[in-house]
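Summary of structural features
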Amino acid sequence: MANQRGAFIVFEGLDRSGKSTQVGALVARLQREGRKVRLQKFPDRTTRIGGMIDAYLQSKSELDDHSIHLLFSANRWECANAIERDVSSGTIVIADRYAFSGIAFSAAKGLSFQYCLNPDTGLPLPDRTVYLTLSPEVAASRGAYGEERYETLEMQKRVREQFTLVAEETRRRHGDDRWAEINADGTVEEVEALIWENIQPVIMEPLQCLGKLWT
Ligand code: TMP
Ligand code: MG
């Protein structure tokens, strides 16, 4: 269909939920199906703002919690036009994390939920956000976290609690269809199949213009 727009699909989840593996598999599958697709990772560490975020995550710099929160948001804003442009010209943009991580991680550090939500207001609204959940047992069996800031069991537990609130807020503001939870305890192939089934309606049906987040 010549004039069909693409779609904007976001993946969220705790560290080690298998998110990046699944995003990679989905992008490859869409390409095999002949769809135009682009992967957008957040944080996008390739920009100047992304470089500051990268240094912070690797503990090479210290920043006030508010400052780093706003940098994560600014990093999304500098990519917003490209997302809108690509989706309106028929590309499926798949994001590995987005504003939902922004709220969950900063609120887990103690910033207020509303403060965390505000700077992302008006960003492109994902057509669907797929949140990969992992039982604590399976998470533990996947071994130690990496070296980056936030990759501790205690922090991830707090982030998980905040994601529950983010899910509620998203459904309340934008409707149940916008947020899907998929159990990522299974094998890579099993989870891949669940995701594929879940996103079919989003990539098959003609859609309205992209909405605006939190408006
Ligand atoms: P990554 O491991 O997916 O590259 O993400 C880096 C870390 O940054 C991860 O622990 C989640 C965190 N994060 C935030 O704190 N705020 C944000 O807005 C985003 C996108 C990620
Ligand atoms: Mg990480």
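Residues numbered from 1 in each chain as written. Chains lettered and ligands numbered in written order. Predicted model: local features only at pLDDT ≥ 70, side-chain atom pairs only at ≥ 80, totals over all residues.

Points about the nonpolar core
Ranked by size, the top nonpolar core spans 45 residues in total, and within it I9, I94, I103 and A104 carry the most contacts. Residue contacts for A104: discarding those within four places in its chain leaves V159, Q162, F163 and V166. (Core = buried A, V, L, I, M, F, W, Y, C linked by C-beta atoms within 7 Å. Buried ≥ 20, exposed ≤ 12 C-beta atoms within 10 Å, placed from the backbone. Contact = placed C-beta atoms within 7 Å.)

Remarks on helix α3 (residues 65-88)
In this model α3 runs 35 Å from its N-terminal to its C-terminal C-alpha over 24 residues, within 8% of the 34 Å that 1.5 Å per residue would give. Of all the bends found along α3, the most pronounced is centred on C79 and spans about 40 degrees. Residues of α3 that are buried include every one of I68, H69, F72, S73, N75, R76, C79, I83 and V87, and no others. Check the buried side of α3 and you find it contacts β1 (7-13), β2 (37-41), α2 (48-57), β3 (92-96), α4 (99-108) and α5 (113-117). (Helix = DSSP H or I, 4+ residues; strand = E, 2+ residues; numbered from the N terminus. Expected span 1.5 Å × (residues − 1). Bend = angle between axes of the 7 residues up to and from the residue.)

Describing the site of ligand 1
Every residue lining ligand 1 is accounted for by D15, F42, P43, L57, F72, R97, S101, G102, F105 and Y150. When residues in the shell around ligand 1 are grouped by element, the largest group, 3 residues, is from α4. Across the shell around ligand 1, the residue classes tally to 6 nonpolar, 2 polar and 2 charged. (Near = placed C-beta within 6 Å. Nonpolar A, V, L, I, M, F, W, Y, C, P; charged D, E, K, R; others polar.)

Remarks on the environment of L153
Its place among the elements puts L153 in helix α7 (residues 153-174). With 11 C-beta atoms counted inside 10 Å, the residue L153 sits in the exposed group. Along the chain, L153 and A139 lie 14 residues apart, while their C-alpha atoms are 9.7 Å from each other.

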